[in-house]
Amino acid sequence: MTLKDLKQLFDYLERAQSRFSMRNELMFKLLATTGLRHSEFVSLTWEQVDLVNETIQIDGKRKKERILPLHSHLRSWHPIKLL
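Residues numbered from 1 in each chain as written. Predicted model: local features only at pLDDT ≥ 70, side-chain atom pairs only at ≥ 80, totals over all residues. Heavy atoms only, no water.

Participant: Would you take a moment to explain the overall build of the chain for this structure?
Facilitator: Within the chain, the regular secondary structure consists of four helices and three strands. Of the regular secondary structure in the chain, the N- to C-terminal order runs α-α-α-β-β-β-α. When the 83 residues of the chain are sorted by exposure, 27% land in the buried category. Relative to all contacts within the chain whose residues are 6 or more apart in sequence, the contacts with residues 24 or more apart total 35%. As presented, the chain carries roughly 6,400 Å² of accessible surface, and 56% of it is formed by carbon and sulfur atoms. (Helix = DSSP H or I, 4+ residues; strand = E, 2+ residues; numbered from the N terminus. Buried < 20%, exposed > 50% of the residue type's maximum accessible area, 1.4 Å probe, protein only. Contact = heavy atoms within 4.5 Å. Areas by Shrake-Rupley, 256 points an atom, 1.4 Å probe, with all protein chains shown as cover.)

Participant: How do you make sense of the sheet that holds strand β3 (residues 65-69) when you look at a structure like this?
Facilitator: If you walk across this open sheet you meet the three strands as β1-β2-β3, and the pairing is antiparallel. With one partner strand each, in any of the chains shown, β1 (49-50) and β3 form the two edges of the open sheet. For strand β2 (residues 55-59) and β3, the ladder comprises five bridges, and the chain directions are antiparallel. Pairing of D59 across the sheet is with E65, part of β3. (Pairing = 2+ DSSP bridges.)

Participant: Just to check I follow, could you spell out unusual backbone geometry for this structure?
Facilitator: Not every positive phi belongs to a glycine, and E54 is a case in point at roughly 55°. Inspection of the secondary structure assignment puts E54 in the loop between β1 and β2.

Participant: Any chance you could explain the packing of aromatic side chains here in plain terms?
Facilitator: By convention here, two paired aromatic rings are described through the distance between centres and the angle between planes. If you walk through the whole model with that rule in mind, you get zero aromatic pairs. Over the ring of F10 we find K29; its NZ or CZ atom is 5.4 Å from the centre of that ring. (Phe/Tyr/Trp six-rings, centres within 6.5 Å; stacked < 30°, edge-to-face > 60°. Lys NZ or Arg CZ within 6 Å of the ring centre and 35° of its normal.)

Participant: Just checking my understanding: could you explain the nonpolar core for this structure?
Facilitator: Generally speaking, a soluble globular protein has its nonpolar side chains buried in company with each other. If you look at the biggest cluster of nonpolar residues, it comprises eight residues: L30, L36, F41, V49, I56, I58, L68 and L70. When sequence neighbours within four positions are dropped, the list of residues in contact with F41 reads M27, L30, L31 and L36. (Core = buried A, V, L, I, M, F, W, Y, C linked by side-chain atoms within 4.5 Å.)

Participant: Help me understand helix α2 (residues 21-34), please; the structure alone is not making it clear to me.
Facilitator: In an α-helix, one full turn covers 3.6 residues, which means residues spaced three or four apart are oriented alike. Over its 14 residues, α2 extends 20 Å from the first C-alpha to the last, a length consistent with the 20 Å expected when each residue adds 1.5 Å. Every buried residue belonging to α2 is among S21, N24, E25, L26, K29, L30 and T34, and all of these are buried. One or two positions beyond α2, positive phi appears at G35, with a value near 75°. (Expected span 1.5 Å × (residues − 1).)

Laid out in structure tokens, this is it:
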């Protein structure tokens, strides 16, 4: 996927008005900007997201812990918005 394709996807997701629009936008932006593996993404919980320090704690392969920074596209998201 090229940068242009990614921008088009983000633009589409930001304009979408479906019931799951916010969830879908967050999912794709999180995957695209953090490099999370599928298994890491699926097992992600809000307890792993540190909004104060703008990081995500990931327990990756072989129980190796990684701390990932939140991209600027994701910093404005809050769990309350997704409820």
